[in-house]
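Listed below, chain by chain, are the residues.
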Amino acid sequence: MSRDDPGNQSADTKMNTIIEHIDPNNPDPEVIARAGDIIKKGGLVAFPTETVYGLGGDALNPEASAGIYAAKGRPSDNPLIVHIAETDSLDRIVRRIPDGAGKLADRFWPGPLTIIFEKSDAVPVQTTGGLDTVAVRFPEDRTAQALIKASGGYIAAPSANISGRPSPTRGEYVIQDLDGRVDMIICGDDSRIGLESTIVDMTSEEPVILRPGFITLEELGEVLPGITLDRGLISEDPDIRPKAPGMKYRHYAPRGELTIVEGDNESVISYINMKTGEASEKGLRTGVIAHDERTGMYKADLIAGIGRETEPEEAAHRIYTVLRRMDDEKIDVIYTESMSEGGIGTAFMNRLTKAAGHHIVRL
Ligand code: TXA
Ligand code: MG
């Protein structure tokens, strides 16, 4: 390892990052053991999960958590998710397991679901951004599980992007963002899901979804009929703020200016083509994000398909890749079609709306 005190890692200091490519179905035990040692010693390792890549450090070591914030350039009041590799590991880090939380864990773990509990004293406040609650997830990905076990059982991991960039769904994106800032990057396949986990708060009287994700309100409602979506996520009133500290930041932002256009297909197509036409005349590079049925109907420098309208999971899977491509192609203005809410559409529109800084045109 090239540094002794991760807590002093400044975002500008270049360090030597080891890059390893692994077989996702059969991760090399030697690589996992070395990565586990790095984390046990307080270092940082980026690794694949089924949602997005994570930037991992020892969740029970306050200096490792401080190192994660420094490497990402992330505000330290934005708490981290603690990743475990067996449900029994909960006992050490939470004060109690409410009945409803136990039911969620039985049904959806391992998988793309994060549950918020009251934290035990074993979890440092550096990991929880000063909160007395802790977010916990048991990922399904094999490499993630092997690494968590090799690291002592508890890995704090935010998405492995620089703060403000789209979450990385490919090893190469992690390398773009974090090479020189972490001890090791483990590259596997593209993330199967491509959107961050659904977060459910089980510390309030009624369960609340703080961040929509692949596991939908409808599916969660089958286990916990009273569950609702945090009002702060849907309200346009700026005084009603999201409960998850991270949801208030303008995450997931491409460098170009992104606008969502809603309306019937014909109006959306003619509005977007008018706008990209105007932008091109000013010498700006233009991008359009559209469902596959209509990609041929737009005029722009880069037209990115997000899958057919009948396969919303595909849109969720592609969105971060598409936003990064817009950056790679130096697109200045981006217009995107919208998707109907409900099911995975809620998570997709949540991320898209944030990426657009709430800039929506309704025709
Ligand atoms: O799928 C995922 O969850 C990925 C992979 C790597 O597991 N991780 C991830 O972490 O998305 P991150 O740090 O990018 O997002 C964590 C979110 C933030 O919005 C944060 O505010 C919220 O979880 N959060 C964490 N602990 C919380 C707590 N105790 N109470 C409320 N919100 C919390
Ligand atoms: Mg993130």
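Residues numbered from 1 in each chain as written. Chains lettered and ligands numbered in written order. Predicted model: local features only at pLDDT ≥ 70, side-chain atom pairs only at ≥ 80, totals over all residues. Heavy atoms only, no water.

**What about the environment of Asn-161?**
Mapped onto the secondary structure, Asn-161 falls in the loop between strand S7 (155–156) and helix H6 (171–178). Using a relative accessible area of 4% as the deciding quantity, one classes Asn-161 as buried. Filtering out sequence-adjacent residues up to four positions away, Asn-161 remains in contact with Lys-72, Pro-166, Ser-167, Pro-168, Asp-177 and Arg-324. Polar side-chain contacts of Asn-161 include one of 3.0 Å to the backbone oxygen of Arg-165. (Helix = DSSP H or I, 4+ residues; strand = E, 2+ residues; numbered from the N terminus. Buried < 20%, exposed > 50% of the residue type's maximum accessible area, 1.4 Å probe, protein only. Contact = heavy atoms within 4.5 Å. Polar contact = N/O pair within 3.5 Å; in protein donor to acceptor, adjacent residues only side chain to side chain.)

**Some words on the pattern of salt bridges**
Taken as a whole and assessed by the stated rule, the structure comprises 19 salt bridges. With a shortest N-O distance of 2.9 Å, Arg-34 and Glu-20 are connected by a salt bridge. In this pair, Arg-34 is assigned in helix H1 (residues 29–40) and Glu-20 in strand S1 (residues 18–21), connecting sequence segments 14 residues apart. By relative accessible area, Arg-34 is classed as partly exposed at 31%. (Salt bridge = Lys/Arg side-chain N within 4 Å of Asp/Glu carboxyl O.)

**Overview of the domain arrangement of the protein**
For the protein, the domain assignment lists domain 1 (6–187) and domain 2 (257–362). Opposite the 11 residues of domain 1 that make contact, domain 2 presents 6 residues. If you sort the residues of domain 1 by the area they bury against domain 2, Arg-165, Pro-166 and Tyr-173 come out on top, with a joint share of 59%. Connecting domain 1 to domain 2 are 2 salt bridges. Measuring nitrogen to oxygen at the nearest pair gives 2.7 Å for the salt bridge that ties Asp-327 to Arg-165. Counting the contacts that link domain 1 with domain 2 gives 5 residue pairs in polar contact (both at pLDDT 80 or more). When grouped by side-chain class, the residues that make up the side of domain 1 that touches domain 2 number 4 nonpolar, 4 polar and 3 charged. (Domains from an automatic or database assignment. Buried area = accessible area lost by both parts, 1.4 Å probe. Nonpolar A, V, L, I, M, F, W, Y, C, P; charged D, E, K, R; others polar.)

**Things to note about empty space enclosed by the protein**
Tallying each qualifying case throughout the model produces 2 cavities of 30 Å³ or more. Of the voids in this model, the largest cavity is the one considered here, and its volume is about 70 Å³. As for the largest cavity, its lining consists of Thr-198, Ile-209, Pro-212, Gly-213, Ile-215, Thr-216, Leu-217, Glu-218, Leu-229, Gly-343, Thr-346 and Ala-347. A breakdown of the residues in the lining of the largest cavity according to their chemical character gives 6 nonpolar, 5 polar and 1 charged. Volume-wise, the second largest cavity comes out at about 40 Å³. Lining of the second largest cavity is provided by Arg-96, Pro-98, Phe-117, Glu-118, Met-202 and Thr-203. Considering only residue class, the lining of the second largest cavity consists of 3 nonpolar, 1 polar and 2 charged. (1 Å grid on protein atoms, 1.4 Å probe; cavity = no way out; pocket = protein on both sides within 12 Å on 5 of 7 lines; lining within 4 Å. Points joined across faces, edges and corners; volume = space filled by probe spheres on them.)

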